Amino acid sequence: MINMKLNAGEKKGLISRHLYGHFAEHLGRCVYEGLWVGVDSPIPNTEGIRNDVLGALKRLNIPVLRWPGGCFADEYHWMDGIGPASGRARMINNNWGGVEENNHFGTHEFLRLCELLNTEPYISGNVGSGTVREMQQWVEYMTFDGESPMANLRRENGRDEPWSLQFFGVGNENWGCGGNMRPEYYADLYRHYSTYVRNYGGNKVYKIACGANTDHFHWTEVLMREAAGLMDGLSLHYYTIPSGNWFGSKGSATEFGTDEWFATLKNTLYMEELIVKHSEIMDKYDPEKRVGLIIDEWGTWCDVEPGTNPGFLYQQSTLRDALVAGINLNIFHKYCDRVKMANIAQLVNVLQALILTEGDKMLLTPTYHVFDMYQVHMDNQLLDLQFDSPEYTYGDVSIPQVSVSASQDSAGAIHLTACNLHHEESAKFSCHIEGALNRQVSGRILTHTSLNAHNTFEQPDLVAPVAFEEADLLDGVLEFELPPASVLVLSIN
Ligand code: AHR
């Protein structure tokens, strides 16, 4: 039995809704096919954006969407993607399969998608191969209300009103695909480029500097030392690779045994150590925690599905990915004093996708369902939760068996999300709730008897949440049993 104490009187910080952010890159079939089919497509669409995907995303209330990359961002020249589609430049997508990029999805189309989803745009600018002037003009084009060359160009292209632009990334992975820079060099470039990312009118841009890869702590150190005062956020990228091997086989998304199940969840938990260590460095330069840690790429990275283009990063998503998502989101909550945004990679058809498409068909992955179940936490107060997790031991390695998080919304309801990482043992909880007079408990659970269960176009609902009615709440004590390999959400009203 796991004895847990939940203190509803002790708030630990705000769980920003931006922790539930997303990422859509011009990569494989994410933007083209996954989101954008064009106005002439037989697939039902709204101004070129497919309706089935749009509907599914609306249900998630996604708070922020990052675009156009990723590595693509540092080769993207935004002026190639405006004006009549037939006249737009055709280019090579050098990072992702060397395929043609026709620029039919550009600034106007992306910002329209954000409007349709009621989501905040997060644009990644080009530092690697773009100029300061190009970056300055892009922001002017999108956000300036008055008379100016860029605002007038926007009007010529059919948009009178400026858009509101909340988040702007000054480069992406500039230690790698974004220019192979040293942190000292990038820190100077960040200072230079970000100067010209202007606030026009009432639009206030939250500027995000390119941060470290995984455990590159020196990068964080240099960026904070040299440029903290000029940034609002600093990014961090960490992917869960089942085999732990970047350069060899990463492991199949669907064909795995209990050893790879365990290794994948263990590698996921490493996110916590990374946040703690990067935060310690940030604390030295920014003890008030003004600069947000922005985990703008995370998720499972597996081998591509057999027979698909290796440059397209198309992988299936199983129950294991649901656990990866649930664990990461619980970790982000825990460090919400520093972690202000997170963007899973990626939205459709790429890496740990929420949605897969094939022609006019669409399916929701187990990862989608976790985002759906967890959305009750957005903009809530994190609650204090005391418990000791039993150990989940495989061979001679042990990790915590459960991952749990709790929050309270503005109406007073308490929401608890719990993951049981164990592949074959259930976990019983007895949770003493202090400071709450709520009586009704309801829940949903996502699980399956097969660890590699996943949804296919033939069986799209094999892994889907169902009502969970086995939680009892009596005299302030909540009792429930989590089956092996499961993700649960409970709401106490
Ligand atoms: O998400 C796929 C790629 O992973 C991104 O383009 C890049 O930023 C990262 O290496």
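Model, not experiment: these values are computed from the prediction.

Moving on, we come to the overall build of the protein. Each helix and strand in the protein was counted, giving nine helices and 26 strands. Against the globule reference of 23 Å for 493 residues, the protein gives a C-alpha radius of gyration of 22 Å, in line with a compact fold. Projecting the C-alpha coordinates of the protein onto the three principal axes gives extents of approximately 65 × 50 × 45 Å. The buried share among the 493 residues of the protein stands at 60%. Within the protein, contacts between residues at least 6 apart in sequence are counted, and of these 75% link residues at least 24 apart. Roughly 18600 Å² of accessible area belongs to the protein as shown, and the carbon and sulfur atoms make up 48% of that amount. Counting 36 positive and 63 negative side-chain charges, the protein places the averaged centre of each group 6 Å from the other.

The computed volume of the largest pocket comes to approximately 510 Å³. Glu272, Lys334, Leu385, Phe387 and Val404 are, among the 21 residues lining the largest pocket, the residues nearest its centre. Those elements that provide at least two residues to the lining of the largest pocket are helix H7 (258-285), helix H8 (319-334), strand S16 (381-386) and strand S19 (402-408). Residue composition of the lining of the largest pocket, by class: eleven nonpolar, five polar and five charged.

One pass over the full model with this rule turns up four cavities of 30 Å³ or more. In this structure, the largest cavity spans a volume of roughly 70 Å³. Contributing to the lining of the largest cavity are 16 residues, with Cys210, Gly211, Ser235, His237 and Asp296 lying nearest its centre. Of all the elements in the fold, those that place two or more residues in the lining of the largest cavity are strand S9 (167-170), strand S10 (206-213) and strand S11 (233-240). In terms of residue count, S10 provides more of the lining of the largest cavity than any other element does, five residues in total. In terms of residue class, the lining of the largest cavity is made up of seven nonpolar, six polar and three charged. Here the second largest cavity is characterised by a volume of approximately 50 Å³.

Moving on, we get to the packing of H7 against H8. Helix packing geometry: the angle between the two helix axes and the distance between the axes. Two elements in contact, H7 and H8, have axes separated by 10 Å at closest approach and are oriented at 15°. As summarised for this structure, H7 and H8 are arranged roughly parallel, according to the angle between their axes. Remark: the crossing between H7 and H8 carries right-handed chirality. Facing Glu260, Trp261, Thr264, Leu265, Thr268, Leu269, Met271, Glu272 and Ile275 of H7, the residues of H8 in contact are Leu319, Arg320, Leu323, Val324, Ile327, Asn328, Ile331, Phe332 and Lys334. Residues that form the contact of H7 with H8 fall into these classes: eleven nonpolar, three polar and four charged.

We now examine the site of the ligand. Neighbouring residues of the ligand: 13 residues in total, closest Glu25, Cys71, Glu173, Tyr239 and Glu297. Contacts to the ligand include Glu25, whose side-chain N or O atom sits 2.7 Å from an oxygen atom. Gln346 has a polar side-chain atom sitting 3.0 Å from an oxygen atom of the ligand. Classifying every residue of the shell around the ligand gives seven nonpolar, three polar and three charged.

This paragraph deals with the environment of His377. By secondary structure assignment, the location of His377 is in the loop between helix H9 (366-374) and S16. Spatially, the C-alpha atom of His377 lies 6.2 Å from that of Ser407, the residues being 30 residues apart in sequence. Non-local contacts of His377, meaning those with residues more than four positions away in its chain, are made with Ile15, Tyr20, His333, Ser405, Ala406, Ser407, His415, Leu416 and Thr417.

With six of seven residues buried, strand S13 (residues 339-345) lies mostly within the body of the structure. Relative to S13, strand S2 (residues 21-23) is paired through three bridges, and the arrangement is parallel. Residue pairing in the sheet places His22 in a bridge with Ile344 of S13. Sheet topology note: the strand S12 (residues 292-300)/S13 ladder contains four bridges and is parallel. Across the sheet, Ile294 pairs through a bridge with Met341, a residue of S13.

Basis of the calculations
Residues numbered from 1 in each chain as written. Predicted model: local features only at pLDDT ≥ 70, side-chain atom pairs only at ≥ 80, totals over all residues. Heavy atoms only, no water. Helix = DSSP H or I, 4+ residues; strand = E, 2+ residues; numbered from the N terminus. Rg over C-alpha atoms; globule rule 2.2 N^0.38 Å. Buried < 20%, exposed > 50% of the residue type's maximum accessible area, 1.4 Å probe, protein only. Contact = heavy atoms within 4.5 Å. Areas by Shrake-Rupley, 256 points an atom, 1.4 Å probe, with all protein chains shown as cover. Lys, Arg positive; Asp, Glu negative; His and termini not counted. Charge placed at Lys NZ, Arg CZ, Asp CG, Glu CD. 1 Å grid on protein atoms, 1.4 Å probe; cavity = no way out; pocket = protein on both sides within 12 Å on 5 of 7 lines; lining within 4 Å. Points joined across faces, edges and corners; volume = space filled by probe spheres on them. Nonpolar A, V, L, I, M, F, W, Y, C, P; charged D, E, K, R; others polar. Axes fitted to C-alpha atoms, helices over the stretch in contact; angles between N-to-C directions. Parallel < 35°, antiparallel > 145°, perpendicular 65-115°, else oblique. Left-handed = near helix turned anticlockwise from the far one by under 90°. Near = heavy atom within 4 Å. Polar contact = N/O pair within 3.5 Å; in protein donor to acceptor, adjacent residues only side chain to side chain. Pairing = 2+ DSSP bridges.

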